[in-house]
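# Summary of structural features
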Amino acid sequence: MNKLRQNVSGPFAQVRNWWWYKAPGWQRAIVYVALFVFALSLPSLPVASFMSPHVEWQSLLFFPIGVYVLLALGLNIVVGQAGLLDLGFVAFYAIGAYFLAYLGTESGWNFWVILPIGVLMAAVSGVILGAPTLRLRGDYLAIVTLGFGEIVRITAMNTEAIGGTNGIAGIPHPPNIENVFFFGEEVFKYGLLDSKPYYYLLVALCAVVIILSVRWTKSRVGRAWAAIREDEDAAEVMGVPTYKFKLLAFAIGAAIGGATGVFWAGKTVSIVPQDFPFMLSATILAAVVLGGSGNIPGVMLGAFMVAWLPERFRGFEEYRIMIFGAVLVAMMVFRPEGLLPSRRRKAELKEGTGGMGSLGAEVGGPDSVEAAEVAK
């Protein structure tokens, strides 16, 4: 622990170590509640002219910002905690969305009845994908997960029972809950044009996922994931059932992705297979790495930046993607550990593991043997 603290430098890190990690539980609880209320109040704050001059601010908060944050929290379980490279995470997002769309239109079931079914089926899909493939590592695992994401999308395109290339239209919204007000407006009155009720649902789900993620991180499961991420062979030798815990990480991440798909489909009028491209998986992975893999506040910040920056610079038209790409490249050059890295991951990067566990070839850090060899 002392070594980890020595590897964290800078005034912000010193203040954080001085107060946050020594603060009593009630002070942390006050901060958490304040942040939750602030997130709920974002649609009503007078910041739309700066934050989103080209797109409605409330719509942008739900998609892509809210959806990306929730997807990044799910992928962080797989990538940031367990160190498994998943390039097909969009498949679980699609599975949740299609379950709501199909069951809602064909069977007429209630949104809240379909939600646990979509989450469960996404988790089962994660187990089905992980069971035969999690004995692979690094680049090989990445290729298999990428293929799984494409298989799900192409299957949806070629299955007429779920609409084929035309997708599914007429997706039902969640049922309204009357007489619940927040900032003078009805919170749970769902419709196509008002995005705020759906955003409030996403904030609530994000809070649940964050609480569970923190609990998992501090538990035996989290310690097993950390051991697998740092050195899977050593963890297995020490008696950690690596396969079981990797499969658990895949299932949990898939469940969160499926829940996000259900919530997103509940807002949209229709879905088509083109809504679930590989680039969405790559974008969410970029958000996790950009924000600070393994650190929940960092991952949320990274997802916010990845979702917000292209919309903020929409006025630059075709140049906005180039600007966005340049920002990402600059971040990876000058701050490869991410915007808000965890102490453990920053120490890993400094020692030469690249801060990404067993995601592929190791990258020598500034104090590593590899860096010394290059400097000769």
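Let us look at the structure shown here. These numbers were taken from a predicted model, which means no experiment stands behind them.

Conventions adopted
- Residues numbered from 1 in each chain as written.
- Predicted model: local features only at pLDDT ≥ 70, side-chain atom pairs only at ≥ 80, totals over all residues.
- Heavy atoms only, no water.
- Axes fitted to C-alpha atoms, helices over the stretch in contact; angles between N-to-C directions.
- Helix = DSSP H or I, 4+ residues; strand = E, 2+ residues; numbered from the N terminus.
- Parallel < 35°, antiparallel > 145°, perpendicular 65-115°, else oblique.
- Contact = heavy atoms within 4.5 Å.
- Nonpolar A, V, L, I, M, F, W, Y, C, P; charged D, E, K, R; others polar.
- Expected span 1.5 Å × (residues − 1).
- Buried < 20%, exposed > 50% of the residue type's maximum accessible area, 1.4 Å probe, protein only.
- Arc of directions from axis to C-beta.
- 1 Å grid on protein atoms, 1.4 Å probe; cavity = no way out; pocket = protein on both sides within 12 Å on 5 of 7 lines; lining within 4 Å.
- Points joined across faces, edges and corners; volume = space filled by probe spheres on them.
- Patch = residues over 30% accessible without salt bridge, like charges linked within 9 Å, V, L, I, M, F, W, Y side chains within 5 Å.
- Areas by Shrake-Rupley, 256 points an atom, 1.4 Å probe, with all protein chains shown as cover.
- Salt bridge = Lys/Arg side-chain N within 4 Å of Asp/Glu carboxyl O.

### So, the packing of helix α9 (residues 196–217) against helix α12 (residues 242–267)
Running from amino to carboxyl end, α9 crosses α12 at an angle of 175 degrees, the nearest separation of the two axes being 11 Å. Here α9 lies roughly antiparallel to α12, going by the angle between them. Facing α9, whose interface residues are Tyr198, Leu201, Leu202, Leu205, Val209 and Trp216, α12 presents Ile252, Ile256, Ala259, Phe263, Gly266 and Lys267. For the contact of α9 with α12, the per-class residue count stands at 10 nonpolar, one polar and one charged.

### Some points on helix α8 (residues 138–158)
The first and last C-alpha atoms of α8 sit 31 Å apart over 21 residues, in line with the 30 Å expected at 1.5 Å per residue. Within α8, burial applies to Gly138, Leu141, Ala142, Thr145, Phe148, Gly149, Val152 and Ala156. For α8, the angular spread of the buried residues around the axis is 120 degrees, confining them to a single face. Seen from the buried face of α8, the exposed residues on the opposite side, beyond 90 degrees, are Tyr140, Ile143, Ile151 and Asn158. On its buried side, α8 packs onto α6 (90–106), α7 (111–133) and α12.

### Looking at α12
Taking 1.5 Å per residue, 26 residues should reach 38 Å; α12 reaches 38 Å between its end C-alpha atoms and fits that length. Of all 26 residues making up α12, 23 are buried, and the element is well covered by its neighbours.

### Quick look at the layout of surface pockets
Take a probe with the size of a water molecule and roll it over the atoms, and the empty space left behind shows itself. Size it by volume and the second largest pocket reaches roughly 450 Å³. Taken together, 21 residues line the second largest pocket, and the ones lying closest to its centre are Tyr68, Leu280, Thr283, Val306 and Pro310. If you list the elements that add at least two residues to the lining of the second largest pocket, you get α5 (57–81), α13 (278–291), α14 (296–312) and α15 (319–334). Of all the elements, α15 adds the most residues to the lining of the second largest pocket, at five residues. Of the residues in the lining of the second largest pocket, the class split is 15 nonpolar, two polar and four charged.

### Digging into a nonpolar patch on the surface
There is a patch of nonpolar side chains on the surface, built from Val33, Phe36 and Val37 and spanning about 240 Å² of accessible area. Within the element layout of this structure, Phe36 appears in helix α3 (residues 25–41). In this structure Phe36 comes out as partly exposed when scored by relative accessible area, which is 33%.

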